[in-house]
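# Overview (structure and organization)
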Amino acid sequence: MVTPVASNSQSTSPNDSFDQSLLYPSPYKEFWHAFTRNKGALAGLLFMCLMVFCALFAPWVAPHAPSEQYRDFLLTPPAWLDGGSARFLLGTDELGRDLLSRLIHGARLSLLIGLSSVVMSLVPGILLGLVAGFFPRLLGPSIMRMMDVMLALPSLLLAVAIVAILGPGLVNTVIAIAIVSLPSYVRLTRAAVMGELNRDYVTAARLAGAGLPRLMFITVLPNCMAPLIVQATLSFSSAILDAAALGFLGLGVQPPTPEWGTMLASARDYIERAWWVVSLPGLTILLSVLAINLMGDGLRDALDPKLKNAA
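Residues numbered from 1 in each chain as written. Predicted model: local features only at pLDDT ≥ 70, side-chain atom pairs only at ≥ 80, totals over all residues. Heavy atoms only, no water.

Following the sequence through the fold, leucine 151 ends up in helix H6 (residues 140-152). What makes leucine 151 partly exposed here is its relative accessible area of 46%. Not counting chain neighbours up to four residues away, the residues in contact with leucine 151 comprise Pro183 and Arg187. (Helix = DSSP H or I, 4+ residues; strand = E, 2+ residues; numbered from the N terminus. Buried < 20%, exposed > 50% of the residue type's maximum accessible area, 1.4 Å probe, protein only. Contact = heavy atoms within 4.5 Å.)

The structure is reproduced here in structure tokens:
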């Protein structure tokens, strides 16, 4: 007599052992896959990682102190040119300071200005945009008319006027760039909020008794962050350009502090006989802004559902 064997309820079929993560990838993996599909964005990310590394560890990465002068090596060309020295890979400026060291320390300052100005404009811009979107008849018109007046003025001239009133310096440069960038965040947040207020989930939250702060910051704002993240990335590159422009005009960071725009301003008299003094800071600004813009394009493609599906 054969005794029947009880079936094991813990046994799994071959289909049960299938990894569900392959069928339903996590949002982070899906975002990274969409971002890395854009090769330009990936190259920009790698370049910016290098810049951030140099900025964070500038005292150890830079071969010389940024303000140290070598009087015997005035306007020394880069190491690969005739007359160059292996001691100064990118040459020296008119005061005998190492260009590579000043560019590395200037990256720290430029990235700090860009990050600080983006944060200082992003936070109040989101708040004003939320208020304008949730109160379209009471407070919205006055806020948007104020932003329209600011947009009517050229951004660089407005920044120059603000710095001229506050005085040149690092802090005032950050404040001026943040004020100039404010209208874009307000308008973008308001447009995103107006598009989300008519959605079913907002109506359901209101019927459930959600208060105004919860509707603003927990229900609606997270669904408006994708375009704001892209705008913040692009504003980062604009902030670097504005800081360099103010430094070039003598209204930004003051020498001898190494800053890319200030380096351009101090070297413009030597452009004919020492091209590297002007070209290398300008090339650094160009590559940094290009890398950030490529990253912004990659973020837009990865965060926009329409573009992800099209790809």
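As a further point, take the side chain of threonine 36. Along the polypeptide, threonine 36 turns up in helix H2 (residues 27-36). Only 3.2 Å separates the side chain of threonine 36 from the backbone oxygen of histidine 33, close enough to count as a polar contact. (Polar contact = N/O pair within 3.5 Å; in protein donor to acceptor, adjacent residues only side chain to side chain.)

In this structure, threonine 189 sits in helix H8 (residues 170-196). Overall, the relative accessible area of 0% leaves threonine 189 in the buried class.

So, about the packing of aromatic side chains. This structure, assessed with the given rule, holds 7 aromatic pairs. Relative to phenylalanine 35, the ring of tryptophan 32 has its centre 6.1 Å away and its plane inclined at 25°; by these criteria the two rings are stacked. Of this pair, tryptophan 32 and phenylalanine 35 both sit in helix H2, 3 residues apart, roughly one helical turn. On the accessibility criterion, tryptophan 32 (46% relative accessible area) is partly exposed. Here the aromatic rings of phenylalanine 53 and phenylalanine 57 are separated by 5.1 Å at their centres, their planes lie at 45°, and the arrangement is tilted. Each member of the aromatic cluster is reached from another via a ring pair, and the members are Phe31, Trp32 and Phe35. Above the plane of the ring of phenylalanine 248 lies arginine 268, whose end atom (NZ or CZ) is 5.2 Å from the centre. (Phe/Tyr/Trp six-rings, centres within 6.5 Å; stacked < 30°, edge-to-face > 60°. Lys NZ or Arg CZ within 6 Å of the ring centre and 35° of its normal.)

It is worth spelling out H6 at this point. With 13 residues, H6 should reach 18 Å at 1.5 Å per residue; the first-to-last C-alpha distance of 18 Å fits that figure. Along H6, the residues classified as buried are Gly140, Ile143, Met144, Met147 and Met150. Take H6 and look down its axis: the buried residues cluster within an arc of 115°, on one side only. The exposed residues of H6 that point more than 90 degrees off its buried face are Met146, Val149 and Ala152. Taken together, the buried residues of H6 touch helix H5 (99-134), helix H7 (155-166) and H8. (Expected span 1.5 Å × (residues − 1). Arc of directions from axis to C-beta.)

Now for the pattern of salt bridges. In the structure shown here, the tally under the stated rule is 6 salt bridges. Of the charged contacts in the structure, one is a salt bridge between glutamate 94 and arginine 97, with a shortest N-O distance of 4.0 Å. For glutamate 94, a relative accessible area of 14% gives the class buried. Among the ionic pairs, aspartate 148 bridges to arginine 145, the shortest N-O distance being 3.0 Å. Of the two residues, aspartate 148 and arginine 145 both sit in helix H6, 3 residues apart, roughly one turn of that helix. One network of salt bridges, in which partners are shared, links Asp93, Glu94 and Arg97. (Salt bridge = Lys/Arg side-chain N within 4 Å of Asp/Glu carboxyl O.)

Attention now goes to the confidence of the model for the chain. Averaged over every residue, the pLDDT of the chain is 87; the share at 70 or more is 90%. Counting contacts from residues 1-19, a segment whose pLDDT is below 50, to residues more than four positions away or on other chains yields 1 contact. (pLDDT = per-residue confidence, 0-100.)

Here we come to the packing of helix H3 (residues 39-56) against helix H13 (residues 275-303). With their axes 7 Å apart at the nearest point, H3 and H13 run at an angle of 130° to one another. Here H13 runs oblique to H3, going by the angle between their axes. Judged by the sense of rotation from one axis to the other, the crossing of H3 with H13 is left-handed. Facing H3, whose interface residues are Gly40, Ala41, Gly44, Leu45, Phe47, Met48 and Met51, H13 presents Thr284, Leu287, Ser288, Ala291, Ile292, Leu294, Met295 and Gly298. By residue class, the composition of the contact of H3 with H13 is 10 nonpolar, 5 polar and no charged. (Axes fitted to C-alpha atoms, helices over the stretch in contact; angles between N-to-C directions. Parallel < 35°, antiparallel > 145°, perpendicular 65-115°, else oblique. Left-handed = near helix turned anticlockwise from the far one by under 90°. Nonpolar A, V, L, I, M, F, W, Y, C, P; charged D, E, K, R; others polar.)

A separate point is unusual backbone geometry. Peptide bonds are trans in most cases, and residues, glycine excluded, mostly fall at negative phi. Proline 256 follows proline 255 through a cis peptide bond whose omega is 10°. Tracing the sequence through the fold places proline 256 in the loop between helix H11 (225-248) and helix H12 (260-267). Positive phi, close to 55°, is recorded for leucine 75, a residue that is not glycine. For leucine 75, the location among the structural elements is in the loop between helix H4 (58-61) and H5.

Generally speaking, a soluble globular protein has its nonpolar side chains buried in company with each other. Counting residues in each nonpolar core, the largest one holds 56 residues, and the members touching the most others are Phe134 and Trp260. Apart from residues no more than four positions distant in its own chain, tryptophan 260 is found in contact with Met51, Leu103, Gly106, Ala107, Ser110, Ile240, Pro281, Thr284, Ile285 and Ser288. (Core = buried A, V, L, I, M, F, W, Y, C linked by side-chain atoms within 4.5 Å.)

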